[in-house]
Amino acid sequence: MSQDTRDKVGSALDVNAIRGDFPILKREVYGKPLVYLDNAATSQKPRQVIDALVRYYESYNANIHRAVHALGEEATAAYEEAREKVARFIGAPSIESIIFTRNTTEAINLVAYAWGRANVGEGDEIILTQMEHHSNLIPWQQLAAEKGATIRYIEIKPNGTLELGNLSELFSERTKLLALPHVSNSLGTINPAEEIVAEARKRGVTTLIDGAQAVPHMPVDVQAVGADFYAFSAHKMLGPTGVGVLYARPELLEEMAPFLGGGEMIRKVTLEGATWNDLPWKFEAGTPNIADVIAFGSAIDYLDALGMDNVRRHEVEVTTYAMERLRGLDDVTLYGPDDPDQRGGVVSFNFGDLHPHDVGTILDRHGVAIRAGHHCTQPLMRCLGVTGTARASFYIYNTQDEVDALIEGLKAARDFFE
Amino acid sequence: MSSEEFRRQESELDDLYRDIIIDHYRHPRHRGHLTAPSASHEGLNPLCGDEVTVEVVLDGTALGEIGYTGSGCSISQSSASMMTEAVAGKSVAETHKLIADFTAMMRGDESIDPDDLGDLEALSGVRKFPVRIKCATLAWHTLAEALKEAAPD
């Protein structure tokens, strides 16, 4: 990487070189250069990932694990190599602990069904936070309703961090599970997952972390976090849609019954019954999303080459700049922690009395793509006393100039509604 | 971008946010609770989080009073305000007809001439912004539900 092509926003990444890898960043929207600031929803994909998809379909498309022919062997090897990359990327002890799902939501549902139905009963308790994405809320509400269990919530403080002062009071003899987001998708808050998990483990409580907004943006070592289950999605980290990951401690997976039944997950089947395949395949019934898993492996290669410390540093730089510029506008309310070290590359805000959707529509016409609304966190929005926020979220290819475009778009929105 | 293209976009935005829509957003009509509603219904747009509650008082077969409360984008709230003006004093049957015509207009049904709908024509520009159509129709679907509760068939 040559110094002169580094983006002026910071020195952590060669952003201009990175941008050259993303074909979509060359397009225009309504005649303006695309400024893509909706990365918490999904990231864009580099050429390397797109090429991996094309290569699979053009040269070795086959079903995996049972074929005796060359194509099947190549596809199997590539699919399992991606699993090894995932395991290494998040510091998992072995491939047995890596299960491919459709997305984070399916990974959490897998746990809610295969572990939750067997381990949570009437009168038991689950601890969640008030900042859950609906994907880490609804599966537990469904489980609690079915079993007669109750859910207790870690509250959020006005600065968008968790109120942990009374955490010990939330535990009881009946607490079976504690689940929380590693990074809030609405506020960007980085939660002290290790600390909270340690409190739960001390009490023998099983833990699950929704890492959808963490793994794409900062170094994550699942064994250091210490949770029993950790879930995230490929599409938010340069990979294709349709691939999620559930990391789980193999001992728990051994005890759990399968989530879905069918091909691949079995060892021996008779008309009377069946025995289950080894981990992790016991939890991967049916033909998996082969092409997308393989391409996800290329996404991990891409992030590995950049270095997750550098990814994180770049996001802190862009986020810091964005928060400064937003504070420079009159009438902007920022949500979440003020300290960029305590937040991921997510900036949620409201602008005067303009509704986030109206802001989003005007920005869109300026080529600036942001998210507007409740971000699948309706209870959190209620805590904040708003119906929604505008949210800009950054990734490796975002620049200072793009933050400037956001600010110009906001000024235009203000002028428009005046 | 060509200046022609720029004008086209600006005019699309102006179509979405017509003056009358902004006026209703800034100065809502019939906003607030009724003292003794015959029925009240809460409508939600789960996609965006828009919320509108419509309350009605029936006076025989006519809509005696109507009010709304809620929060959401300018389109959802102005549409609610414009709706209350459009239906005030109408019969329940006329109101149902207007709801049907308005939602048909928003769906792009060509049998409806937007100009026949008076001020509501201003909301036809929303059709160029497909994700916002539900914002515009939320209050209307909510009114239909409130009427069903107030005057079951």
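Cut-offs used in this document
Counting restarts for each chain, with residues numbered from 1 along the sequence as it is written. Think of it this way: whatever chain is written first is A, whatever ligand is written first is 1, and the rest follow in order. This being a predicted model, a pLDDT of at least 70 is required before a residue's local features are given, and a value of 80 or more before pairs of side-chain atoms are given or counted; all residues contribute to the totals for chains, interfaces and linings. The numbering of helices and of strands both runs from the N terminus, where a helix is a DSSP run of H or I of at least 4 residues and a strand a run of E of at least 2. The globule rule used for comparison is 2.2 Å times the number of residues to the exponent 0.38, while the radius of gyration itself is calculated over C-alpha atoms. Any two residues are considered in contact once their C-beta atoms, placed from the backbone, lie within 7 Å. Along the chain, pLDDT gives the predictor's confidence residue by residue, from 0 to 100. For two strands to be treated as a pair, DSSP must find no fewer than two bridges joining them. Structural elements are reduced to axes, namely lines fitted to C-alpha atoms, with helices fitted over the stretch in contact, and the angle between N-to-C directions of any two is expressed from 0 to 180 degrees. Residues are called buried when their C-beta atom has 20 or more other C-beta atoms within 10 Å, exposed when it has 12 or fewer, and partly exposed otherwise; all C-beta atoms are positioned from the backbone. Roughly parallel refers to an angle under 35 degrees, roughly antiparallel to one over 145, roughly perpendicular to one between 65 and 115, and oblique to any angle outside these ranges. Three residue categories are used. Nonpolar comprises Ala, Val, Leu, Ile, Met, Phe, Trp, Tyr, Cys and Pro, charged comprises Asp, Glu, Lys and Arg, and polar comprises the others, including Gly.

Engineer: Could you clarify how one ought to interpret the overall build of chain A in this entry?
Structural biologist: Across its full length, chain A holds 14 helices and 17 strands. Over its C-alpha atoms chain A spans a radius of gyration of 22 Å, differing by no more than 12% from the 22 Å that the globule rule assigns to 418 residues. Pairs at least 24 residues apart make up 70% of the contacts formed inside chain A by residues separated by at least 6 positions.

Engineer: Would you mind showing me how to read the confidence of the model for chain A here?
Structural biologist: Low pLDDT marks regions whose predicted coordinates should not be analysed in detail. Counting all residues, the mean pLDDT for chain A is 95, and 97% of those residues have values of 70 or more. Across residues 1-7 of chain A, confidence stays below pLDDT 50; counting only partners more than four residues off in sequence or on other chains, it has 12 contacts.

Engineer: I keep staring at unusual backbone geometry and nothing clicks. Help me out?
Structural biologist: If a residue is not glycine, its phi is most likely negative; likewise, a peptide bond is most likely trans. Residues and elements named next belong to chain A. With an omega dihedral of 0°, the bond running from L279 to P280 counts as a cis peptide bond. Position of P280 relative to the elements: it lies in the loop between β12 (274-276) and α10 (290-306). Backbone geometry at D331 places phi at a positive 75°, although glycine is not the residue there. For D331, the position within the fold is in the loop between α11 (308-327) and β13 (332-335). The backbone phi angle of C376 is positive, close to 60°, even though this residue is not glycine.

Engineer: Help me out: how do you make sense of the sheet that holds strand β16 (residues 371-373) of chain A in this one?
Structural biologist: Adjacent strands of a sheet pair through backbone hydrogen bonds, lying either parallel or antiparallel. All names here are of chain A. Spatially, four strands are ordered β13-β14-β17-β16 in an open sheet, and the strand pairing comes out antiparallel. Lying at the two open borders of the sheet, with one neighbouring strand each, are β13 and β16. In this sheet, adjacent strand axes meet at a mean angle of 30° when their direction is disregarded. In terms of strand pairing, β13 meets strand β14 (residues 346-351) through four bridges, oriented antiparallel. Bridge pairing in β14 links V332 to F351. Helix α12 (residues 356-365) contacts β14, β16 and β17 (389-393) of the sheet and is inclined by roughly 155° relative to β16.

Engineer: So what exactly am I meant to see when it comes to the confidence of the model for chain B here?
Structural biologist: Averaged over every residue, the pLDDT of chain B is 90; the share at 70 or more is 93%. Under the prediction, the complex receives an ipTM of 0.82, its pTM being 0.91.

Engineer: Hey, could you run me through the environment of E28(A) in this one?
Structural biologist: Residue and element names in this part refer to chain A. Counting through the fold element by element, E28 comes out in strand β1 (residues 28-29). Overall, E28 belongs to the exposed group, with 10 C-beta atoms counted inside 10 Å. Linking E28 and W115, residues 87 residues apart in sequence, is a C-alpha distance of 47 Å. Those residues in contact with E28 that lie beyond four places of it in its chain are P33, L34 and G367.

Engineer: I tried to follow the packing of helix α2 (residues 19-26) of chain B against helix α3 (residues 74-87) of chain B on my own but got confused; where do I start?
Structural biologist: The angle between the axes and the distance between the axes are what describe a pair of packed helices. All names here are of chain B. Relative to each other, α2 and α3 sit at 85°, their axes nearing to 8 Å. The orientation of α2 relative to α3 falls into the category roughly perpendicular. Here I21, I22, H24 and Y25 of α2 come into contact with α3, specifically with S74, I75, Q77, S78, S81 and M82. Broken down by class, the residue content of the contact of α2 with α3 amounts to five nonpolar, five polar and no charged.

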